[in-house]
Amino acid sequence: MLDIAPRVRVDVDSLIAAQHDLGVCDAIWRIAPAGKADAMSAPHLPKVAGIDPAVTASPHTVAPTPAPTAVPTSTSPRSAHTPTQNPAASSVIQDRLAGMVSDLTTLHELTERLARASDLTSSLQEFLRAGAALVGARRGLIVLEPSDGLGPTSTIGLGLGHADLGHIETVPRSATSYGRILDGLPDAHGGSEVLPEPGRLPGPGAGGYGTPVDPRHREVAARLGYAASYALPLTAEATGRLGAAVWLYDEQAEPNDRQRDLAGLYVRHAAEHLARMLEVERARAGLATVAEELLPSRLPRISGVQLAARHHTGPHGGGDWYDALPLPEGALGLAVGSVTGSGPSAVAAMGRLRASLRAYAVMEGEDPVAVLSDLELLLRLTEPARSATALFAYCEPAGGPNANGRGRKLILAGAGHTPPLLIGERRTEYVETTLSAPLGMLSCWEAPSVEIEPAPGETVLLYTDGLLRRTGDPMDRAYARLHAAAAGIPRSAREDPGAICDHILRTVLPDGEGDGPAAPADASEDIVLLAARFE
C-alpha cells in the first residue's frame, strides 16, 4: 500500500502553475519554510468507477492565515519578480494530487487482488470484476483466445449466464469491437460502441459505429438489455494477443477519460499476469496428459466382471495410479497405488512403478505378497529416496476351484494402502487388510495376504487416500463419510460400477468433483477409484 503522510506541506508558485495549466507533474513544488505552512485541505473525493476512494475527507479544514505584508521601502530585482501566493490555485493542485493518490491506491488494491488468484480461471473472473468497477459497468465477458493457437480457449461472463453467452456468440465477429480484436484486424483497437436507437443512423460521436448495426447484433442486444459496450484487447509482451474483454452498459453510455486511463493501466498489468497464468495452465494440462497416457487407455473385458475407473489429477501432477490387467488362464489382476511427491518426477516414477508391477503380476500374480515384495526391492534399489503405497488383488478365473456358487475368490495384499470397500445389498464394509509399511520404508517388506469372496452382485472398490484427503476432514471422519456414501448408493446404480464411482465422488467430495471453488486445502491430491462388480 502507498504510505501517504496525513499532512503535506506544499507551497506552489501560482504564476508558474498557471502557465503549465495547473499540471501536477509540471508544476514547481517546494517545501514551505517553517512557520508558514498551512494544513492541507482534503475535500471529499468522488468515487472512482464505483469504488470508494482510499483517501477520506478531513473532518476540519483550517483556513490559511495570510501573513502580514509590509510595504517595501525599496524594490530589488529579486523581489520585483517574486509572485504572491494564490490559495485557490494551491487548493486545485492539492485536489488533483489527492485524486491521483486515490487512483493509484485503487489500482494497487485491484492488482493485489488479481495477484492472489491461484489459477487461470479465477484470474479471468477477478479481471472481469475489476474492469467492470473501473469502467462503471455491471456486466461483461472475456474471451481467451491466444494468437499462437496453443490454447486453452474459454469464454467467461460477468452477470451473464451460459445461455446469454451463447446468444452473444451468434453475433458475427465483424459486427463487434471485441470480435474484430480476436480476428486480429489491423484497425481493431477496441473502445466504446454505442448502439444507436432503432431507425437512426449513428452520428459523428456515436462511439465507433460508422456503418449500420448488424441485425443479429441489435437482436441480441435487445434480448440481453444492453445499449453500449466498451472493449479492450488483452496483449502481453511475451505471448502477444491473448484475447479481448468487453463490458456492457444498460444505457447508451461510455467511460469518461479518467475511467479509460485507469482501465488501460490495469489491463496492461493484468495482461502480463494472465500470460503467466496461461503458461502455468499449459504446463499443468501437459502434465495431466502425460499422467493419463501412463494409465490404462481402456479396461480389459473379463467374463463375469464389470470394471470402471475414475482418475482426477491434481493441479501439480501427482503419482496416483491404477491398473487392471488380464492374467494367464483367465485370471484378473487389480492394482492401485500412490507415489510420494508431485510434479513431473512423481508422474515418471508412477509410470515406472506401474510397468514393473505389471511384469511381476504376469509372472507371479497368484501370490500378491510376492508381487509387492519384488516391487519393493526394485524401488529400494533404483529409487532409494522415494516411497510408495500399493495394493494388488488377484482374482481367480471363472470356473476355478472356488466356483461353488458363492462367487470368485480374491487374494489381496497391501503396502501401507487404504483398505478396499466391499459394497453389496446386504453388506457394506471395509476389507480388513493387515497393517503394513509403505514400499521403500523398511529394509525388508513382508505382510500376509487376505482372502475375500464377493457374492454375485457385489462390488469391490479400490481407491487412493487422495479421495479421503480431499474431504478436508480427519481421516476417521473421512472413512465414515466414504462408508456412508457407499451404503447410500441407489439400487438402480448398484448394477453399474461407473455409476457407483460417480455417486461416491458426488457424495464424498465437498464440491462433487474436487476441482471447484469449494475444494479444500488438500485439493492438490490425486483421486483414483477402481470398481470391480462381480456377476
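Residues numbered from 1 in each chain as written. Predicted model: local features only at pLDDT ≥ 70, side-chain atom pairs only at ≥ 80, totals over all residues. Heavy atoms only, no water.

### Focus: the packing of helix α3 (residues 87-115) against helix α8 (residues 257-293)
In step 1: As a packed pair, α3 and α8 sit with axes 11 Å apart at the nearest point and diverge in direction by 30°. As far as their axial angle goes, α8 and α3 are roughly parallel. Here the hand of the crossing between α3 and α8 comes out right-handed. Across the interface between the two elements, Gly99, Asp103, Leu107, Leu110, Thr111, Leu114 and Ala115 from α3 touch Arg258, Leu262, Leu265, Tyr266, His269, Ala270 and His273 from α8.
In step 2: Considering only residue class, the contact of α3 with α8 consists of eight nonpolar, four polar and two charged. (Axes fitted to C-alpha atoms, helices over the stretch in contact; angles between N-to-C directions. Helix = DSSP H or I, 4+ residues; strand = E, 2+ residues; numbered from the N terminus. Parallel < 35°, antiparallel > 145°, perpendicular 65-115°, else oblique. Left-handed = near helix turned anticlockwise from the far one by under 90°. Contact = heavy atoms within 4.5 Å. Nonpolar A, V, L, I, M, F, W, Y, C, P; charged D, E, K, R; others polar.)

### Re the nonpolar core
In step 1: Counting 55 residues, the largest nonpolar core has Trp321, Leu334, Leu357, Leu372, Phe392 and Leu410 as the members making the most contacts within it.
In step 2: Counting residues in hydrophobic clusters, the runner-up holds 36 residues, among them Tyr230, Trp247, Ala270 and Ala271. (Core = buried A, V, L, I, M, F, W, Y, C linked by side-chain atoms within 4.5 Å. Buried < 20%, exposed > 50% of the residue type's maximum accessible area, 1.4 Å probe, protein only.)

### Remarks on the pairing of strand β17 (residues 527-534)
In step 1: Judged by how many residues are buried, β17 sits mostly within the fold: eight of eight residues are covered.
In step 2: Every second residue of β17 is oriented toward a common face, with Ile527, Leu529, Ala531 and Arg533 on one face and Val528, Leu530, Ala532 and Phe534 on the other, all of them buried.
In step 3: Across eight bridges, strand β8 (residues 305-312) lies against β17 in antiparallel orientation. Bridging across to β17, Ala309 finds its partner in Leu530.
In step 4: Alignment of strand β16 (residues 459-463) against β17, held across five bridges, turns out to be antiparallel. Following the sheet pairing, Val460 is matched in β17 by Ala532. (Pairing = 2+ DSSP bridges.)

### A short note on the packing of aromatic side chains
In step 1: Counted under the stated rule, the structure contains three aromatic pairs.
In step 2: With a centroid separation of 5.6 Å and 85° between ring planes, the pair formed by Tyr430 and Tyr479 is classed as edge-to-face. Residue Tyr430 is found in strand β14 (residues 428-430), and its partner Tyr479 is found in helix α12 (residues 475-487); the two are separated by 49 residues along the sequence.
In step 3: Linked through ring pairs, Phe127, Trp247 and Tyr266 together constitute an aromatic cluster. (Phe/Tyr/Trp six-rings, centres within 6.5 Å; stacked < 30°, edge-to-face > 60°.)

### Examining the sheet that holds strand β13 (residues 421-423)
In step 1: Read from one edge to the other, the open sheet built from five strands follows the order β8-β17-β16-β13-β14, with strand pairing classed as antiparallel. The open sheet terminates on both sides in strands that have one partner only, identified here as β8 and β14. Going across the sheet, the axis of each strand differs from the next one's by a mean of 15°, ignoring polarity.
In step 2: Against the sheet, helix α13 (residues 497-508) engages β8, β13, β16 and β17, with an angle of about 35° to β8.

### A word on the sheet that holds strand β11 (residues 388-395)
In step 1: Read from one edge of the open sheet, five strands run β9-β10-β11-β12-β15, paired in antiparallel fashion. Strands with a single pairing partner mark the edges of an open sheet, and in this sheet they are β9 (318-327) and β15 (450-452). Geometrically, the sheet is characterised by an average inter-axis angle of 15° between neighbouring strands, direction not taken into account.
In step 2: The pairing of strand β12 (residues 410-415) with β15 spans three bridges and is antiparallel. Note that in β15 the partner of Leu412 across the bridge is Val450.
In step 3: In this fold helix α9 (residues 344-364) packs onto β9, β10 (331-342) and β11, with an angle of close to 20° to the strand it touches most, β9.
In step 4: Docked against the sheet, helix α10 (residues 368-382) engages β11 and β12, running at close to 25° with respect to β12.

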